[in-house]
Amino acid sequence: MPVGVIQYEELETVILGIYGVFSVVRLVLAHRRLLAPWMLYVSVVADMALLMALIFSFHLKYAQPAAFYLKVPSLLYVFLFIALRALRFEARFVVFTGLCAAAGWAYLTWYVASGQGGPPEITHNFVEYMTSNALLVGAEIDKIIAILLTTAVLAIAIARARHLLVRSVSEAAAARDLSRFFDPAVAARIRGAAMTIKAGEGEQRDVAILTCDLRGFTRLSTELQPDEVMKLLQDYQERMCPLIVDNGGSIDKFLGDGILASFGAVGTSETPAADALRAADALIEAARQWAEARRAAGLTPLEVGVAAASGRVVFGAVGDGERLEFTVIGDAVNLAAKLEKHNKAEKVRSLTDAATYELARRQGYRRAVEPELRRGRRVGGMADLVDIVVLAC
């Protein structure tokens, strides 16, 4: 075995050993989230320095002129190091790695051309370059250009991807906020709209409307501090709104202490009337439990009035073009509102009209005890007498 090979045989192992130790330290620091940006830059320099030193060692290991190492395939690991920096999802580290690689290879090329590693034997013949230790300057320049172009493309891709990611996260946050100000189904409809939603656009649908009102709130609000009023409203709405949504309803709007909900408007439903009456029953039970909890806490118990009606309405966006609101408009909305007020006249807590109750029964709504039917009632604001069904006294 040649003496040169024996002398430099361990150099490769030493270089790889140093790199292995360096990599372990870097992984430990990364796992503990202790890697500062300057450490990352240092690691890039260390990676490229060790790789270039390994490539440089080839001509020493095999006792060849320096031009010998320009042919080794280890240069390809440069692209791996550049790609690894892309995992940080920051273009600056990719660019810095590429520049270090290009600078390293340029230095190795200059070392050969300067004759410090043996006669440079510069040639312009590609065959001679490939079959000997001659130096073809153009080929080495091509390698440097390939490194720089790969770096540029990858950096641009990362910059664009990062921009899209930030934009996507921002839009997701905005969408979550949108769902807090709108019913989730309405928010989803807005986000999924294929074109800009315009005021005056709507569609007719057969739906059920439910209204819920907090009794005695107006009087109580004058006796409480403003923050107490808002906390009371929050407590009331946190108890009622999930029950409406769980039964297939969508919150149309909050009217002070009143809640207007629709069933089958935002999303189509085969059982809107049945869903509305189930929601009404759930609201009354929740109101009873709430009143008991307030009474046990030494607070004034509050009652809730609920009413439901059904019919064909127009569902769509209203507004002045700058500010829009999805809402339902129609006789069913008016009837539900008037029936809720009529609760007090009937001295009950929840009722509906007979037509809605019969429709709900056909849609699968059932009760353990048949509710009371009161025929021919004069409901304020209604021209004709209304047959009503008492859902809760």
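Here's a quick rundown of the structure. Owing to the predicted nature of the structure, the values given are computational and were not obtained by experimental measurement.

## A word on the packing of helix α9 (residues 226–246) against helix α10 (residues 272–296)
Phase 1 of the analysis: Relative orientation of the contacting elements α9 and α10 amounts to 150°, with a least axis distance of 9 Å. In the packing of α9 onto α10, the handedness of the crossing is right-handed. Of α10, the residues touching α9 (which contributes Leu232, Asp235, Tyr236, Arg239, Met240, Leu243 and Ile244) are Ala279, Ala282, Leu283, Ala286, Ala287, Trp290 and Arg294.
Phase 2 of the analysis: Looking at side-chain class alone, the contact of α9 with α10 contains 11 nonpolar, no polar and three charged residues.

## Focus on the nonpolar core
Phase 1 of the analysis: In terms of nonpolar packing, the biggest core is built from 39 residues, with Leu210 and Tyr236 touching the most fellow members.
Phase 2 of the analysis: Those elements that provide at least two residues to this core are β1 (202–214), α8 (217–221), α9, β3 (258–263), α10, β4 (304–319), α12 (354–362) and β8 (386–392).
Phase 3 of the analysis: In terms of residue count, α10 provides more of this core than any other element does, 11 residues in total.
Phase 4 of the analysis: Tyrosine 236 has contacts with Cys212, Asp213, Leu214, Asp257, Ile259, Trp290 and Val304, leaving out every residue within four places of it along the chain.
Phase 5 of the analysis: With 30 residues, the next largest nonpolar core counts Leu54, Ile55, Tyr69 and Ala101 among its residues.

## Some words on the packing of helix α2 (residues 37–61) against helix α3 (residues 77–85)
Between two packed helices, what matters for the description is the angle formed by their axes and the separation of those axes.
Phase 1 of the analysis: Where α2 contacts α3, the two axes come as close as 11 Å, and the packing angle between them is 170°. The angle between the axes of α2 and α3 places the two elements in the roughly antiparallel class. Of the residues in α3, those touching α2 at Ser43, Val44, Asp47, Met48, Leu51 and Met52 are Tyr77, Val78, Phe81 and Arg85.
Phase 2 of the analysis: Residue composition of the contact of α2 with α3, by class: seven nonpolar, one polar and two charged.

## Quick look at the packing of aromatic side chains
Phase 1 of the analysis: Taken as a whole, this structure holds 11 aromatic pairs when the rule is applied.
Phase 2 of the analysis: When the centroid spacing of 6.0 Å and the interplanar angle of 55° are considered together, the rings of tyrosine 62 and phenylalanine 68 count as tilted.
Phase 3 of the analysis: A residue is classified by how much of its surface remains accessible, and phenylalanine 68, at 24% relative accessible area, is partly exposed.
Phase 4 of the analysis: Judged by centre distance (6.5 Å) and plane angle (40°), the rings of tyrosine 107 and tyrosine 111 are tilted.

## So, a nonpolar patch on the surface
Phase 1 of the analysis: Together, Ile122, Val137, Ile141, Ile145 and Leu149 line one region of the surface with nonpolar side chains, adding up to about 420 Å² of accessible area.
Phase 2 of the analysis: Here isoleucine 141 lies in helix α6 (residues 137–181).
Phase 3 of the analysis: The partly exposed category is assigned to isoleucine 141, whose relative accessible area is 43%.

## Observations regarding the pairing of β8
Regular strands place their side chains on alternate faces of the sheet.
Phase 1 of the analysis: Extensive coverage of β8 is indicated by the burial of six of its seven residues.
Phase 2 of the analysis: Where strand β6 (residues 350–353) lies against β8, four bridges are found, and the strand directions are antiparallel. Paired with serine 350 across the two strands is alanine 392, which belongs to β8.
Phase 3 of the analysis: As paired elements, strand β7 (residues 372–377) and β8 share four bridges and run antiparallel to each other. Its bridge partner being in β8, glutamate 372 is matched across the sheet by valine 390.

## A word on the pattern of salt bridges
Phase 1 of the analysis: Within this structure, the stated rule accounts for 15 salt bridges.
Phase 2 of the analysis: A salt bridge links glutamate 140 to lysine 143; the nearest nitrogen and oxygen atoms lie 3.3 Å apart. Residue glutamate 140 and its partner lysine 143 are located together in helix α6, separated by three residues, close to a single helical turn.
Phase 3 of the analysis: The buried category is assigned to glutamate 140, whose relative accessible area is 0%.
Phase 4 of the analysis: Among the ionic contacts, a cluster of salt bridges with common partners joins Glu346, Glu372, Arg374 and Arg377.

## Looking at the state of the cysteines
Phase 1 of the analysis: Using the criterion set out here, one finds zero disulfides in the structure.
Phase 2 of the analysis: As a non-bridged cysteine, cysteine 212 has cysteine 241 as the owner of its nearest cysteine sulfur, 8.5 Å distant.
Phase 3 of the analysis: When its relative accessible area of 12% is taken as the criterion, cysteine 241 is described as buried.

## A word on α12
Phase 1 of the analysis: Restricting attention to buried positions, one finds in α12 the residues Ala354, Thr356, Tyr357 and Ala360. Buried residues in α12, looked at end-on, bunch into an arc of 160°, giving them a common side. Every exposed residue of α12 that faces more than 90 degrees away from the buried side is listed here: Ala355 and Arg362.

Calculation criteria
Residues numbered from 1 in each chain as written. Predicted model: local features only at pLDDT ≥ 70, side-chain atom pairs only at ≥ 80, totals over all residues. Heavy atoms only, no water. Axes fitted to C-alpha atoms, helices over the stretch in contact; angles between N-to-C directions. Helix = DSSP H or I, 4+ residues; strand = E, 2+ residues; numbered from the N terminus. Left-handed = near helix turned anticlockwise from the far one by under 90°. Contact = heavy atoms within 4.5 Å. Nonpolar A, V, L, I, M, F, W, Y, C, P; charged D, E, K, R; others polar. Core = buried A, V, L, I, M, F, W, Y, C linked by side-chain atoms within 4.5 Å. Buried < 20%, exposed > 50% of the residue type's maximum accessible area, 1.4 Å probe, protein only. Parallel < 35°, antiparallel > 145°, perpendicular 65-115°, else oblique. Phe/Tyr/Trp six-rings, centres within 6.5 Å; stacked < 30°, edge-to-face > 60°. Patch = residues over 30% accessible without salt bridge, like charges linked within 9 Å, V, L, I, M, F, W, Y side chains within 5 Å. Areas by Shrake-Rupley, 256 points an atom, 1.4 Å probe, with all protein chains shown as cover. Salt bridge = Lys/Arg side-chain N within 4 Å of Asp/Glu carboxyl O. Pairing = 2+ DSSP bridges. Disulfide = S-S within 2.5 Å. Arc of directions from axis to C-beta.

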